[in-house]
Amino acid sequence: MLVLLILSFLVITCAEVPVLVAAGQWRELRAFGVLLALGFALSLAVTLRWPVPHPNYLLRLIFEPVADWLGIK
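Remember, predicted model here, so these are calculated numbers, not experimental data.

**Some thoughts on the overall build of the protein chain**
What the protein chain contains, in helices and strands, is three helices and zero strands. For the protein chain, the succession of helices and strands along the chain, N to C, is α-α-α. In summary, the protein chain has a C-alpha radius of gyration of 18 Å against a globular reference of 11 Å for 73 residues, an excess of more than 25%. Summarising its shape, the C-alpha atoms of the protein chain cover approximately 50 × 35 × 10 Å along the three principal directions. For the protein chain, buried positions account for 11% of its 73 residues. Total accessible area computed for the protein chain in this model is approximately 6,300 Å², and 74% of it derives from carbon and sulfur atoms. The average position of the 5 basic charges and that of the 4 acidic charges among the side chains of the protein chain differ by 5 Å.

Next comes the structure, spelled out in structure tokens:
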């Protein structure tokens, strides 16, 4: 399963990076690299059955103090 994951991300990279480089879209290439790395890291964690925090955790961590400060609850 791990080999399939790596191969799929390599195929995506080989398909997209040359197009972005040829077009000179350096900001898009940077954003693509960051998002691809995040996606790969999360996919790898799920594949290896590492604990992955729920996306709500980060949102609650950010917005609960703001809600408390505003008196909303």
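Let us keep going from here.
**A word on a nonpolar patch on the surface**
A contiguous nonpolar patch, built from Tyr-57, Leu-58, Leu-59, Leu-61, Ile-62, Phe-63, Val-66, Trp-69, Leu-70 and Ile-72 and spanning about 1,100 Å² of accessible area, is present on the exposed surface. One can find Leu-70 in helix H3 (residues 55–70).

**What about the packing of helix H1 (residues 2–23) against helix H2 (residues 26–47)?**
Close contact between H1 and H2 brings their axes to 11 Å; oriented N to C, the two are set at 175°. Classified by the angle their axes make, H1 and H2 are roughly antiparallel. Mapping the contact onto sequence places Leu-2, Leu-5, Ile-6, Phe-9, Ile-12, Thr-13, Glu-16, Val-17, Leu-20 and Val-21 in H1 and Trp-26, Glu-28, Leu-29, Phe-32, Leu-36, Gly-39, Phe-40, Ser-43, Leu-44 and Thr-47 in H2. Looking at the contact of H1 with H2 residue by residue, the class counts come to 14 nonpolar, four polar and two charged.

**Focus: the pattern of salt bridges**
The final tally for this structure, using the stated rule, is one salt bridge. Between Arg-60 and Glu-64 there is a salt bridge, and its shortest N-O distance comes to 2.8 Å. Of this pair, Arg-60 and Glu-64 both sit in helix H3, separated by four residues, roughly a single helical turn.

**A short note on the confidence of the model for the protein chain**
For the protein chain, mean pLDDT is 94; residues scoring 70 or higher make up 99% of the total. Confidence, expressed as mean pLDDT per element, reaches its minimum in the protein chain at H3 with 90 and its maximum at H1 with 97.

**A few points about unusual backbone geometry**
Even without glycine at this site, Arg-49 takes up a positive phi of about 60°. Assignment of secondary structure puts Arg-49 in the loop between H2 and H3. On the basis of relative accessibility, which here comes to 76%, the residue Arg-49 falls in the exposed class.

About the criteria used
Residues numbered from 1 in each chain as written. Predicted model: local features only at pLDDT ≥ 70, side-chain atom pairs only at ≥ 80, totals over all residues. Heavy atoms only, no water. Helix = DSSP H or I, 4+ residues; strand = E, 2+ residues; numbered from the N terminus. Rg over C-alpha atoms; globule rule 2.2 N^0.38 Å. Buried < 20%, exposed > 50% of the residue type's maximum accessible area, 1.4 Å probe, protein only. Areas by Shrake-Rupley, 256 points an atom, 1.4 Å probe, with all protein chains shown as cover. Lys, Arg positive; Asp, Glu negative; His and termini not counted. Charge placed at Lys NZ, Arg CZ, Asp CG, Glu CD. Patch = residues over 30% accessible without salt bridge, like charges linked within 9 Å, V, L, I, M, F, W, Y side chains within 5 Å. Salt bridge = Lys/Arg side-chain N within 4 Å of Asp/Glu carboxyl O. Axes fitted to C-alpha atoms, helices over the stretch in contact; angles between N-to-C directions. Parallel < 35°, antiparallel > 145°, perpendicular 65-115°, else oblique. Contact = heavy atoms within 4.5 Å. Nonpolar A, V, L, I, M, F, W, Y, C, P; charged D, E, K, R; others polar. pLDDT = per-residue confidence, 0-100.

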